[in-house]
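Reading the structure
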Amino acid sequence: MDYKVADLSLAEFGRKELTLAEHEMPGLVSLRTTYGDAQPLKGARIAGSLHMTIQTGVLIETLVALGADVRWATCNIFSTQDHAAAAVVVGRPETGGTAENPKGTPVFAWKGETLAEYWDEAEKVFDFTDEAGNPVGPNMLLDDGGDITMLLHLGVEFEKAGAVPGQDSTDNEEFKEVLRVLARSLENSKTRWTNIANDVKGVSEETTTGVLRLYDRFKEGSLLFPAINVNDSVTKSKFDNKYGCRHSLIDGINRGTDVMIGGKVAVVCGYGDVGKGSAESLRGQGARVIITEIDPICALQAAMDGYEVKRLETVVDYADIFITTTGNFDIIKVEHFEKMKHQAIVGNIGHFDNEIDMAGLAKIPGIVKDEIKPQVHQWIFPDGKKVIVLSEGRLLNLGNATGHPSFVMSNSFTNQVLAQIELYTKTEEYPVGVYVLPKHLDEEVARLHLDALGVELTILTQEQADYLGVPVEGPFKSDLYRY
Ligand code: NAI
């Protein structure tokens, strides 16, 4: 078995935490019980790219329990939990796997990868072998942020064009690595990516940013296979993005800085689902929270939730903590850094690091980057002012802490598994396009998590159901309902 992780001796610790997590992930565990015998994912070869955490370990082992063959990389250079990666590679106890003879799932991820390593490992999730030992590609993708979906699409496009653009065609350091990996691949085969794409039945995408990239491709006519937008299941974005960030944002700030949050002025850029959870997270600690927004609806929501809504320029010189949550780019720029207070804290919880202009910060003449500890740096300006940046501008809840807790991720990942089953078993029902899971499945995901919280659901009478015009067993809301 091939794999690349930090240290397999961490597997025992990882297994203990995986077992704890299973208790908190009733949705995933119930899918194992419901579908374990039927093996709906038998024959599926799933290439996965998603933060390699304990919770993701439970997701991977659920996919395997349903019959899938899986290969996994992380979708962020700082988010891997090395003990989780080790435990997944060694395998569940019943496999008999050990650190010397691992029998689990191939994982290619460790905390603190370089960008070059990140893209080298991302490519490896495409390298399956069939039962006869011959190389074969995946037939399903499971993505978070769209990186492996992009790699495959670009591979196909460059094969069609017969060449990969030179690395000097871009200023983006990360994209240079993508071009390097694809150029190497094209030297070995001119049809590898095209062959893989022909086999792929679909992709399930985890997050807002990845979904945006999928809709863009679909609109321009370049999407190669159907996609399920897991993010916009209600039981994903209205739970993980909101309540997950409510938990993990301050966890990241605390572990990174241990600064007292109460009484501080915190700016949250963006008041979408992640912004709402982040603002509540900081307010819960007693911070005085200010929101920035471009959308009048979200700005009004923020105001009516009791937050001040201002432009960044208005507050940049007196706020203590700055958090970006927009999924957009260039939110905190050099001109903002220059006006910040001494020891202001800056972090991002959106998917990509371009929300904060880290490249611009590094280019300020005379600036010095000083590491306090991994993923916590102070940037010292020529006049002695210091600004603390968390996780080098990458998502700090996973870089400085351990991301969202298991229970909320059980909701997200139950949607992921259902999406994989849908695309794999009902391929002909999904022509190329971007879909959300049907509402009855969304409601089912929520239902699977009620007992654990002692929730008593009121049952409609037939008369009440007729009055509302809905079935007694649901779905209860129209697709237009916003929750
Ligand atoms: P969303 O679309 O609900 O919210 C983003 C908000 O930012 C919108 O209300 C938008 O109007 C606002 N915005 C856009 N440009 C802005 C600007 N220049 N200034 C101020 N506000 C601006 O998206 P969602 O679901 O909240 O996701 C945000 C990002 O977080 C995405 O990149 C997503 O992939 C990522 N994400 C991260 C998670 C984590 O654990 N760190 C979890 C879930 C999502």
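These numbers come from a predicted model, not from an experiment. (Residues numbered from 1 in each chain as written. Predicted model: local features only at pLDDT ≥ 70, side-chain atom pairs only at ≥ 80, totals over all residues. Heavy atoms only, no water.)

1. Concerning the sheet that holds strand 12 (residues 321–324)
The mixed open sheet is built from eight strands, whose spatial order is 11-10-9-12-13-16-15-14. Every other strand in the sheet has two partners, leaving strand 11 (308–309) and strand 14 (368–373) as the edge strands with one partner each. Where strand 12 meets strand 13 (residues 344–348), four bridges bridge the pair, whose relative direction is parallel. Considered in strand 13, the bridge of I323 is made with G347. Along the sheet, helix 10 (residues 234–257) makes contact with strand 12, strand 13, strand 14, strand 15 (376–380) and strand 16 (386–390), crossing strand 16 at roughly 130 degrees. (Pairing = 2+ DSSP bridges. Helix = DSSP H or I, 4+ residues; strand = E, 2+ residues; numbered from the N terminus. Contact = heavy atoms within 4.5 Å. Axes fitted to C-alpha atoms, helices over the stretch in contact; angles between N-to-C directions.)

2. What to know about the domain arrangement of the protein chain
Taken domain by domain, the protein chain consists of domain 1 (8–200) and domain 2 (243–399). Between domain 1 and domain 2, the C-alpha centre-to-centre distance is 31 Å. Counting residues at the interface gives 13 residues for domain 1, matched by nine residues for domain 2. Between domain 1 and domain 2, the buried area comes to about 920 Å², and carbon and sulfur atoms account for 58% of it. One can count zero salt bridges joining domain 1 with domain 2. The interface formed by domain 1 and domain 2 contains two residue pairs in polar contact (both at pLDDT 80 or more). Residues that form the side of domain 1 that touches domain 2 fall into these classes: four nonpolar, five polar and four charged. (Domains from an automatic or database assignment. Buried area = accessible area lost by both parts, 1.4 Å probe. Salt bridge = Lys/Arg side-chain N within 4 Å of Asp/Glu carboxyl O. Polar contact = N/O pair within 3.5 Å; in protein donor to acceptor, adjacent residues only side chain to side chain. Nonpolar A, V, L, I, M, F, W, Y, C, P; charged D, E, K, R; others polar.)

3. Considering the packing of aromatic side chains
By convention here, two paired aromatic rings are described through the distance between centres and the angle between planes. Enumeration according to the criterion identifies six aromatic pairs in this entry. Ring geometry for Y271 against Y307: centres 5.7 Å apart, planes inclined by 65 degrees, an arrangement best described as edge-to-face. In this pair, Y271 is assigned in the loop between strand 9 (265–269) and helix 11 (273–284) and Y307 in the loop between helix 12 (296–304) and strand 11, connecting sequence segments 36 residues apart. Looking at Y271, the relative accessible area reads 2%, which means it is buried. Pairing Y481 with Y483 gives two aromatic rings, centres 4.8 Å apart and planes at 90 degrees, and the pair type is edge-to-face. On the basis of relative accessibility, which here comes to 47%, the residue Y483 falls in the partly exposed class. In this structure, R71 packs its charged tip against the face of F128, placed 5.9 Å from the ring centre. (Phe/Tyr/Trp six-rings, centres within 6.5 Å; stacked < 30°, edge-to-face > 60°. Buried < 20%, exposed > 50% of the residue type's maximum accessible area, 1.4 Å probe, protein only. Lys NZ or Arg CZ within 6 Å of the ring centre and 35° of its normal.)

4. Some words on the sheet that holds strand 6 (residues 140–143)
Spatially, 3-2-1-6-7-8-17 is the arrangement adopted by the seven strands of the open sheet, whose pairing is parallel. Strands at the two margins of the open sheet, each flanked by one partner only, are strand 3 (107–108) and strand 17 (434–435). Here strand 6 pairs with strand 7 (residues 202–205) via four bridges, running parallel. Residue D143 lies in a different strand from strand 7, and its bridge partner there is E205. Along the sheet, helix 5 (residues 115–124) makes contact with strand 1 (45–49), strand 2 (69–73) and strand 3, crossing strand 2 at roughly 170 degrees.

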